[in-house]
Amino acid sequence: MNERRASANGVNDVSDVWRSKVLTLFPEMFPGPLGVSLAGQGLKDGLWSLETVNIRDHGVGRHATVDDAPFGGGPGMVMRPDVVDAVLNAAIQDAPDLPLLATSPRGAALTQRRVRELARGPGAIILCGRFEGLDQRVVETRNLEEVSIGDFILSGGEPAAITLIDACVRLLPGIMGKSESQTEESFENGLLEYPQFTRPQDWNGRSVPEVLLSGHHENIRNWRQAEAETITKTRRPDLWDRHQQTNAGST
Ligand code: SAH
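Quick notes on the rules
Within each chain, residues carry numbers counting from 1 in the order of the written sequence. In view of the model being predicted, local features appear only for residues whose pLDDT reaches at least 70, and side-chain atom pairs are presented and counted only at 80 or more, with totals across whole chains, interfaces and linings using the full set of residues. Think of the side-chain values as coming from all heavy atoms in the structure, minus any hydrogens and water. The secondary structure listing takes helices from DSSP runs of H or I that are at least 4 residues long and strands from runs of E that are at least 2 residues long, numbered from the N terminus. An expected span of 1.5 Å times one less than the residue number is assigned to each helix. Only protein chains enter the accessibility calculation, which uses a 1.4 Å probe; a residue is then buried when its area is under 20% of its type maximum, exposed when over 50%, and partly exposed in between. An arc is given here, and it is the one of the directions from the helix axis to the C-beta atoms. By definition in these notes, contact holds between two residues if any of their heavy atoms fall within 4.5 Å. The domain boundaries here were taken from an automatic or database domain assignment. Buried residues of nine kinds, namely Ala, Val, Leu, Ile, Met, Phe, Trp, Tyr and Cys, make up a nonpolar core once their side-chain atoms join them within 4.5 Å. Note on pairing: DSSP must find at least two bridges between two strands before they are called paired. A crossover gets the label right-handed when its path from the first strand over the helix to the second runs clockwise, viewed with the strands pointing away from the viewer. When we say a residue is near a molecule or strand, we mean one of its heavy atoms is within 4 Å of it. Under the rule applied, a polar contact is a pair of N or O atoms within 3.5 Å (in protein, one hydrogen donor and one hydrogen acceptor; residues adjacent in sequence only if both atoms are side-chain atoms).

## Remarks on the environment of G150
Position of G150 relative to the elements: it lies in the loop between β7 (145-148) and α5 (158-169). When the C-alpha positions of G150 and S104 are compared, they lie 9.5 Å apart, and in sequence the two are 46 residues distant.

This is how it looks when you write it as structure tokens:
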């Protein structure tokens, strides 16, 4: 039973579904990948909702301008604060409770922890930057939470918004089949996931680790834990250090 959608009298209340609102210059990019597979089915089933607001509709002047040259010179264009402010006003009108996020490579790196918090909440309004990004003043006056999806530069915030929404939506009740497939994954316990194997048992002259065929659940659990620790130490020493600190703190 999906509690999020059930109101006190047992009738589904649409205002209770996880809401995403994307503010973008390219609404045609949505739902895009969010319209297929798990997220797409959930969208069709009304387990979450997606709205877009076209930033261009709030542009200024005859040409609905949304950007201008940076003060101080330099390449590219900057999104105007008055335009961004107007689009935010429009977006929050019927969604005053949604957190305001802006995609930016200067933002805090998105983590599974933050994704989980957002998924537990009412939804998110996500502003997609373009050009060189937003005028800093509107970021500050609107207290936008800047979110980065990694240390690389996209041409615009839309793929970042899709990434963020996808990560949240798959955690919503009713989207994924088995709830344990959420808790054993990479990052959920501060470690990368152990390696996975499936049929055929012998493939290209390679078998699968013997322990996985043993049916001995404790041995399997121990093997997986050891593999997860090894791969985390090797590939992500930063995660490993944090994992060590967290464990030291909790004992
Ligand atoms: N000049 C900016 C980059 C602008 S890229 C800088 O150096 O910081 C244009 C837009 O794409 C950004 O405003 C942001 O909304 C989006 N974007 C680019 N890379 C991103 C990333 N790693 N994470 C999230 N959004 C990103």
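Okay, back to it.
## Re helix α2 (residues 81-92)
End to end, α2 covers 16 Å across 12 residues, agreeing with the expected 16 Å (1.5 Å per residue, within 8%). Restricting attention to buried positions, one finds in α2 the residues V83, V84, V87, L88 and A91. End-on view of α2: buried residues confined to an arc of 130°, all on one side of the axis. Of the surrounding elements, those touching the buried residues of α2 are β1 (18-24), β2 (48-54), β4 (78-79), β5 (100-109), β6 (123-127) and α4 (136-141).

## Quick word on the domain arrangement of the protein chain
Partitioning the protein chain into domains gives domain 1 (14-169) and domain 2 (183-250). Spacing between the C-alpha centres of domain 1 and domain 2 amounts to 35 Å.

## Digging into unusual backbone geometry
Among all residues except glycine, the phi angle is most often negative; among peptide bonds, the trans geometry is most common. Cis geometry is adopted by the peptide bond preceding P31, which originates at F30 and carries an omega value of 0°. For the bond running from R199 to P200, omega is 0°, close enough to zero to count as cis. Looking at the secondary structure, you find P200 in the loop between α6 (180-183) and α7 (217-235). With phi around 55°, F131 is a residue other than glycine that occupies positive phi space. Tracing the sequence through the fold places F131 in the loop between β6 and α4. Although it is not a glycine, N204 adopts a positive phi angle of roughly 50°. The residue N204 is located in the loop between α6 and α7 in this model.

## Looking at the environment of G76
If you trace the backbone, G76 turns up in the loop between β3 (67-68) and β4. With a relative accessible area of 36%, G76 lands in the partly exposed category. Along the sequence, G76 and G133 sit 57 residues apart, while their C-alpha atoms lie 9.4 Å from each other.

## Brief notes about the nonpolar core
In terms of nonpolar packing, the biggest core is built from 26 residues, with W48, I165 and V169 touching the most fellow members. Elements supplying a minimum of two residues to this core: β1, α3 (112-120), β6 and α5. Leaving out residues up to four positions away in the same chain, W48 has contacts with V17, W18, S20, L34, A39, G42, L43, I165, V169, L172 and I175.

## Re helix α1 (residues 37-44)
Owing to its 3.6 residues per turn, the α-helix brings residues three or four apart onto one side. Three or more residues of α1 are buried, namely A39, G40 and G42. For α1, the angular spread of the buried residues around the axis is 160°, confining them to a single face. Exposed side chains of α1 directed beyond 90 degrees from the buried face belong to S37 and K44. Next to the buried residues of α1 lie β2 and α5.

## Looking at the pairing of β2
Bridge analysis of β1 against β2 gives 7 bridges, and the strand direction is parallel. Looking across to β2, one finds that R19 is bridged to S49. Following the backbone out of β1, through α1 and into the adjacent parallel β2, one traces a crossover that is right-handed.

## Examining the pairing of β5
A regular strand places its side chains so that they alternate between the two faces of the sheet. Note that β5 and β6 share 3 bridges and pair parallel. Bridging from a neighbouring strand, L101 pairs with I126 of β6. Taken together, the 5 bridges between β5 and β7 define a ladder with parallel strand orientation. Counterpart to A102 in the pairing with β7 is E146.

## So, the site of the ligand
Neighbouring the ligand are 19 residues; T103, E132, G150, F152 and L154 lie closest to it. Here an oxygen atom of the ligand and a backbone polar atom of T103 are 2.7 Å apart. G129 places a main-chain nitrogen or oxygen 3.0 Å from an oxygen atom of the ligand. For the shell around the ligand, the elements supplying multiple residues, two or more each, are β5 and β7.

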